[in-house]
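Next come the chains, spelled out residue by residue.
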Amino acid sequence: SDIRTPGGVGLARSASTPRYRYFRGRMHSEFTLIDAPSLGDLRVFLTRAGRVEDGSVRLIAADHVLAVYVAVLYPSGLLDQTPTVLGLRTFALSTRAEFDAVVPVRSLLDRLERAEAGVPVTLPMQVHTVTWAAISPPRGGWVAQKPTDAGILNRVAASGIAEVAHAIPTGTGEQIVQRVRAEVWGRAIEGLEHVVAGGAFAALSLGFLGDGDAVGEVRLFETGPWTRLTTDRGHVLVKRRAWSLLG
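Residues numbered from 1 in each chain as written. Predicted model: local features only at pLDDT ≥ 70, side-chain atom pairs only at ≥ 80, totals over all residues. Heavy atoms only, no water.

Another aspect to go through is the sheet that holds strand S10 (residues 217-223). Each strand in a sheet pairs with its neighbour through backbone hydrogen bonds, running either in the same direction (parallel) or in the opposite one (antiparallel). Reading across the sheet, the six strands line up as S4-S5-S12-S11-S10-S7 and stay open at both edges, with antiparallel pairing between neighbours. At either end of the open sheet lies a strand with only one pairing partner, and these are strand S4 (56-73) and strand S7 (143-149). In this sheet, neighbouring strand axes are inclined to one another by 25° on average, regardless of whether the strands run parallel or antiparallel. In this structure, strand S11 (residues 226-231) lies alongside strand S12 (residues 234-239), joined through six bridges in antiparallel fashion. Bridging from a neighbouring strand, Thr231 pairs with Gly234 of S12. Contacts from helix H3 (residues 150-167) reach S7, S10 and S11, with the element oriented near 75° to S7. (Pairing = 2+ DSSP bridges. Helix = DSSP H or I, 4+ residues; strand = E, 2+ residues; numbered from the N terminus. Axes fitted to C-alpha atoms, helices over the stretch in contact; angles between N-to-C directions. Contact = heavy atoms within 4.5 Å.)

Set out below in C-alpha coordinates:
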(Lines give C-alpha, C1' and ligand atoms only; values in the text may rest on other atoms or scores of the structure.)
Protein backbone atom coordinates (compact mmCIF):
# COMPACT_ATOMS: atom_id res chain seq x y z
CA SER A 1 0.00 0.00 0.00
CA ASP A 2 1.27 3.43 -0.92
CA ILE A 3 1.28 6.45 1.37
CA ARG A 4 -2.14 7.94 0.72
CA THR A 5 -1.46 11.59 0.10
CA PRO A 6 -3.44 13.14 -2.77
CA GLY A 7 -1.27 13.94 -5.73
CA GLY A 8 1.70 12.08 -4.25
CA VAL A 9 2.54 14.95 -1.89
CA GLY A 10 5.80 14.54 0.00
CA LEU A 11 6.95 11.53 -1.98
CA ALA A 12 10.04 10.99 -4.07
CA ARG A 13 11.15 13.48 -6.69
CA SER A 14 14.18 13.54 -8.94
CA ALA A 15 17.27 15.48 -7.98
CA SER A 16 16.71 17.76 -10.98
CA THR A 17 13.27 18.89 -9.81
CA PRO A 18 13.38 22.50 -8.55
CA ARG A 19 12.84 22.92 -4.80
CA TYR A 20 10.06 25.41 -5.59
CA ARG A 21 7.49 24.64 -8.24
CA TYR A 22 5.40 27.28 -9.94
CA PHE A 23 1.62 27.42 -10.10
CA ARG A 24 -0.18 29.77 -12.47
CA GLY A 25 2.92 31.81 -13.02
CA ARG A 26 3.94 32.68 -9.47
CA MET A 27 5.68 31.02 -6.55
CA HIS A 28 3.51 30.14 -3.58
CA SER A 29 5.21 30.90 -0.26
CA GLU A 30 2.18 30.58 2.02
CA PHE A 31 -0.44 28.05 3.00
CA THR A 32 -3.88 28.12 4.60
CA LEU A 33 -5.09 25.21 6.71
CA ILE A 34 -8.78 24.35 6.55
CA ASP A 35 -9.70 24.95 10.20
CA ALA A 36 -8.57 25.75 13.74
CA PRO A 37 -8.17 22.08 14.82
CA SER A 38 -5.73 21.51 11.93
CA LEU A 39 -3.76 24.58 12.99
CA GLY A 40 -3.61 23.24 16.53
CA ASP A 41 -2.55 19.78 15.34
CA LEU A 42 0.31 21.25 13.31
CA ARG A 43 1.48 23.32 16.28
CA VAL A 44 1.49 20.23 18.53
CA PHE A 45 3.29 18.12 15.91
CA LEU A 46 6.05 20.69 15.42
CA THR A 47 6.38 21.31 19.16
CA ARG A 48 6.91 17.60 19.73
CA ALA A 49 9.41 17.45 16.87
CA GLY A 50 11.29 20.46 18.21
CA ARG A 51 11.78 18.79 21.58
CA VAL A 52 13.61 15.94 19.84
CA GLU A 53 15.47 17.86 17.14
CA ASP A 54 15.33 21.65 17.27
CA GLY A 55 16.20 21.96 13.61
CA SER A 56 14.23 22.23 10.41
CA VAL A 57 10.98 21.02 8.87
CA ARG A 58 10.32 20.19 5.25
CA LEU A 59 7.00 21.42 3.83
CA ILE A 60 5.68 20.11 0.52
CA ALA A 61 2.42 21.46 -0.82
CA ALA A 62 0.58 20.25 -3.90
CA ASP A 63 -2.95 21.29 -4.78
CA HIS A 64 -4.93 21.20 -1.51
CA VAL A 65 -2.58 19.04 0.60
CA LEU A 66 0.40 19.95 2.76
CA ALA A 67 2.91 17.24 3.74
CA VAL A 68 5.05 18.04 6.78
CA TYR A 69 8.29 16.12 7.33
CA VAL A 70 10.43 16.31 10.47
CA ALA A 71 13.65 14.52 11.34
CA VAL A 72 13.92 12.51 14.54
CA LEU A 73 17.23 10.73 13.82
CA TYR A 74 19.75 10.96 10.99
CA PRO A 75 23.49 10.27 10.51
CA SER A 76 25.85 13.19 11.01
CA GLY A 77 28.56 11.83 8.73
CA LEU A 78 29.66 8.91 6.55
CA LEU A 79 30.85 6.87 9.53
CA ASP A 80 27.75 7.52 11.64
CA GLN A 81 25.55 4.41 11.59
CA THR A 82 22.42 6.15 12.91
CA PRO A 83 19.36 5.30 10.79
CA THR A 84 17.43 8.07 9.10
CA VAL A 85 14.07 8.36 10.89
CA LEU A 86 11.47 10.87 9.68
CA GLY A 87 8.01 11.77 10.89
CA LEU A 88 5.29 12.68 8.40
CA ARG A 89 1.86 14.23 8.76
CA THR A 90 -0.42 15.59 6.05
CA PHE A 91 -2.92 18.44 6.32
CA ALA A 92 -5.74 19.66 4.09
CA LEU A 93 -5.44 23.16 2.67
CA SER A 94 -8.34 25.50 1.99
CA THR A 95 -6.57 27.03 -1.03
CA ARG A 96 -4.29 25.52 -3.65
CA ALA A 97 -0.54 25.83 -3.17
CA GLU A 98 2.63 24.38 -4.67
CA PHE A 99 6.03 24.53 -2.99
CA ASP A 100 8.80 22.42 -1.52
CA ALA A 101 10.67 24.28 1.21
CA VAL A 102 12.84 23.60 4.26
CA VAL A 103 12.45 26.12 7.09
CA PRO A 104 13.44 26.31 10.78
CA VAL A 105 10.95 24.60 13.10
CA ARG A 106 11.12 27.40 15.65
CA SER A 107 10.49 30.13 13.07
CA LEU A 108 7.47 28.33 11.67
CA LEU A 109 6.10 27.72 15.17
CA ASP A 110 6.40 31.42 15.93
CA ARG A 111 4.22 32.17 12.91
CA LEU A 112 1.73 29.47 13.75
CA GLU A 113 1.31 30.84 17.28
CA ARG A 114 0.15 34.11 15.76
CA ALA A 115 -1.93 32.49 13.01
CA GLU A 116 -5.72 32.28 12.88
CA ALA A 117 -7.88 29.73 11.11
CA GLY A 118 -8.50 30.67 7.51
CA VAL A 119 -5.62 33.18 7.40
CA PRO A 120 -2.59 32.33 5.22
CA VAL A 121 0.66 31.42 6.99
CA THR A 122 3.72 32.84 5.24
CA LEU A 123 6.79 30.61 5.10
CA PRO A 124 9.89 31.72 7.03
CA MET A 125 13.25 32.12 5.30
CA GLN A 126 14.47 28.84 3.85
CA VAL A 127 17.57 26.93 4.97
CA HIS A 128 19.72 25.04 2.47
CA THR A 129 22.13 23.02 4.62
CA VAL A 130 19.80 20.29 5.89
CA THR A 131 21.14 16.96 4.66
CA TRP A 132 18.18 14.79 5.66
CA ALA A 133 15.76 16.91 3.60
CA ALA A 134 17.32 15.58 0.40
CA ILE A 135 16.15 12.07 1.30
CA SER A 136 12.65 11.19 0.14
CA PRO A 137 10.87 7.86 0.61
CA PRO A 138 9.66 6.16 -2.57
CA ARG A 139 6.14 6.79 -3.83
CA GLY A 140 5.09 3.20 -4.38
CA GLY A 141 6.18 -0.38 -3.92
CA TRP A 142 5.24 -0.53 -0.24
CA VAL A 143 4.52 -4.10 0.80
CA ALA A 144 2.33 -4.66 3.86
CA GLN A 145 3.93 -6.61 6.72
CA LYS A 146 2.36 -8.17 9.76
CA PRO A 147 1.15 -5.29 11.98
CA THR A 148 2.42 -4.80 15.49
CA ASP A 149 0.98 -3.44 18.71
CA ALA A 150 1.50 0.11 19.95
CA GLY A 151 2.26 -1.24 23.42
CA ILE A 152 5.33 -3.06 22.09
CA LEU A 153 6.67 0.12 20.50
CA ASN A 154 5.95 2.11 23.64
CA ARG A 155 7.98 -0.32 25.74
CA VAL A 156 10.88 -0.43 23.23
CA ALA A 157 11.04 3.37 23.08
CA ALA A 158 10.92 3.77 26.87
CA SER A 159 13.64 1.17 27.32
CA GLY A 160 15.84 2.83 24.70
CA ILE A 161 15.40 6.28 26.26
CA ALA A 162 16.48 4.88 29.63
CA GLU A 163 19.47 3.08 28.08
CA VAL A 164 20.68 6.20 26.29
CA ALA A 165 20.28 8.33 29.43
CA HIS A 166 22.25 5.79 31.49
CA ALA A 167 25.05 5.46 28.91
CA ILE A 168 25.50 9.20 28.33
CA PRO A 169 26.39 11.12 31.51
CA THR A 170 26.33 14.91 31.54
CA GLY A 171 29.29 16.41 29.70
CA THR A 172 29.85 13.46 27.36
CA GLY A 173 31.47 14.37 24.02
CA GLU A 174 29.37 14.59 20.87
CA GLN A 175 31.16 11.67 19.18
CA ILE A 176 30.30 9.30 22.03
CA VAL A 177 26.71 10.57 22.13
CA GLN A 178 26.28 9.83 18.43
CA ARG A 179 27.79 6.35 18.79
CA VAL A 180 25.48 5.44 21.68
CA ARG A 181 22.39 6.75 19.88
CA ALA A 182 23.33 4.87 16.71
CA GLU A 183 23.77 1.63 18.64
CA VAL A 184 20.54 1.92 20.64
CA TRP A 185 18.20 3.30 17.98
CA GLY A 186 19.67 1.31 15.10
CA ARG A 187 19.01 -1.99 16.89
CA ALA A 188 16.33 -4.27 15.43
CA ILE A 189 13.29 -4.83 17.63
CA GLU A 190 13.00 -8.42 18.83
CA GLY A 191 10.30 -10.16 16.82
CA LEU A 192 10.20 -7.26 14.34
CA GLU A 193 13.58 -7.64 12.67
CA HIS A 194 12.75 -5.14 9.90
CA VAL A 195 11.86 -2.42 12.42
CA VAL A 196 14.63 -0.59 14.26
CA ALA A 197 14.14 0.85 17.74
CA GLY A 198 14.49 4.37 16.36
CA GLY A 199 11.14 3.92 14.64
CA ALA A 200 9.51 3.22 18.00
CA PHE A 201 11.26 6.25 19.51
CA ALA A 202 9.92 8.49 16.73
CA ALA A 203 6.38 7.14 16.99
CA LEU A 204 6.34 7.76 20.74
CA SER A 205 8.04 11.16 20.61
CA LEU A 206 5.74 12.52 17.89
CA GLY A 207 2.57 11.33 19.62
CA PHE A 208 1.64 8.74 17.01
CA LEU A 209 1.10 6.03 19.64
CA GLY A 210 -1.46 8.01 21.62
CA ASP A 211 -1.82 7.81 25.38
CA GLY A 212 -0.67 4.48 26.72
CA ASP A 213 -1.78 1.76 24.31
CA ALA A 214 -4.71 3.78 22.96
CA VAL A 215 -3.72 3.44 19.30
CA GLY A 216 -3.68 -0.36 19.38
CA GLU A 217 -2.48 -1.65 16.02
CA VAL A 218 0.42 -0.10 14.13
CA ARG A 219 0.53 -0.96 10.43
CA LEU A 220 3.94 -1.82 8.94
CA PHE A 221 5.15 -1.57 5.35
CA GLU A 222 8.46 -2.25 3.59
CA THR A 223 10.16 -1.23 0.36
CA GLY A 224 13.91 -1.68 -0.17
CA PRO A 225 15.81 -0.10 2.75
CA TRP A 226 12.68 1.73 3.94
CA THR A 227 10.26 0.77 6.70
CA ARG A 228 7.02 2.65 7.37
CA LEU A 229 5.06 2.62 10.62
CA THR A 230 1.56 4.01 10.20
CA THR A 231 -1.19 4.89 12.66
CA ASP A 232 -4.19 7.15 12.29
CA ARG A 233 -2.04 9.90 13.85
CA GLY A 234 0.82 9.88 11.34
CA HIS A 235 3.66 8.02 9.64
CA VAL A 236 7.20 7.18 10.70
CA LEU A 237 9.61 6.50 7.83
CA VAL A 238 12.89 4.70 8.53
CA LYS A 239 15.76 4.27 6.12
CA ARG A 240 18.18 1.69 7.43
CA ARG A 241 21.92 2.09 6.96
CA ALA A 242 23.50 -0.15 4.32
CA TRP A 243 25.21 -2.39 6.85
CA SER A 244 21.88 -3.20 8.50
CA LEU A 245 19.85 -4.05 5.39
CA LEU A 246 18.14 -7.37 5.80
CA GLY A 247 17.18 -9.82 3.12
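Per-chain confidence: the protein averages 84 in pLDDT, with 83% of residues scoring 70 or above. Looking over the protein, one finds the lowest element-wise mean pLDDT in strand S1 (residues 22-23), namely 36, and the highest in helix H5 (residues 197-205), namely 96. pLDDT under 50 marks residues 5-27. Its contacts with residues more than four places away, or in other chains, come to 47 contacts. (pLDDT = per-residue confidence, 0-100.)

As a further point, take the packing of helix H1 (residues 36-52) against helix H2 (residues 105-114). Interhelical geometry of H1 versus H2 gives an angle of 150° and a closest axis separation of 10 Å. Of the possible angle classes, the one that applies to H1 and H2 is roughly antiparallel. Here the hand of the crossing between H1 and H2 comes out left-handed. Where H1 abuts H2, its residues Leu39, Leu42, Arg43, Leu46, Thr47 and Gly50 lie against Val105, Leu108, Leu109, Leu112 and Glu113. (Parallel < 35°, antiparallel > 145°, perpendicular 65-115°, else oblique. Left-handed = near helix turned anticlockwise from the far one by under 90°.)

Tallying each qualifying case throughout the model produces seven salt bridges. As a salt-bridge pair, Glu163 and Arg187 come within 3.1 Å of each other at their nearest N and O atoms. One end of the pair, Glu163, is in helix H3; the other, Arg187, is in the loop between helix H4 (174-185) and strand S8 (188-189), with 24 residues separating them in the sequence. Residue class for Glu163 comes out partly exposed when judged on its relative accessible area of 31%. For Asp232, the salt bridge is made with Arg219, and the minimal N-O distance between the two is 3.9 Å. Of this pair, Asp232 sits in the loop between S11 and S12 while Arg219 sits in strand S10; the two residues are 13 residues apart in sequence, bridging distant segments of the chain. For Asp232, a relative accessible area of 77% translates into the label exposed. Within this structure, Glu163, Glu183 and Arg187 form a network of salt bridges that share partners. (Salt bridge = Lys/Arg side-chain N within 4 Å of Asp/Glu carboxyl O. Buried < 20%, exposed > 50% of the residue type's maximum accessible area, 1.4 Å probe, protein only.)

Another aspect to go through is the packing of H3 against H4. At a minimum axis separation of 10 Å, H3 and H4 run at an interaxial angle of 155°. When the interaxial angle is binned, H3 and H4 end up roughly antiparallel. Crossing hand, H3 versus H4: right-handed. Contacts from Val156, Ala157, Gly160, Ile161, Glu163, Val164 and Ala167 of H3 reach H4 at Val180, Val184 and Trp185. In terms of residue class, the contact of H3 with H4 is made up of eight nonpolar, one polar and one charged. (Nonpolar A, V, L, I, M, F, W, Y, C, P; charged D, E, K, R; others polar.)

The next point concerns the pairing of S4. Looking down a regular strand, the side chains alternate between one sheet face and the other. For S4, the buried fraction is high: 16 of the 18 residues fall into the buried class. As paired strands, S4 and strand S5 (residues 84-104) are joined by 16 bridges and run antiparallel to one another. Looking at S5, one finds that Ala67 is bridged to Thr90.

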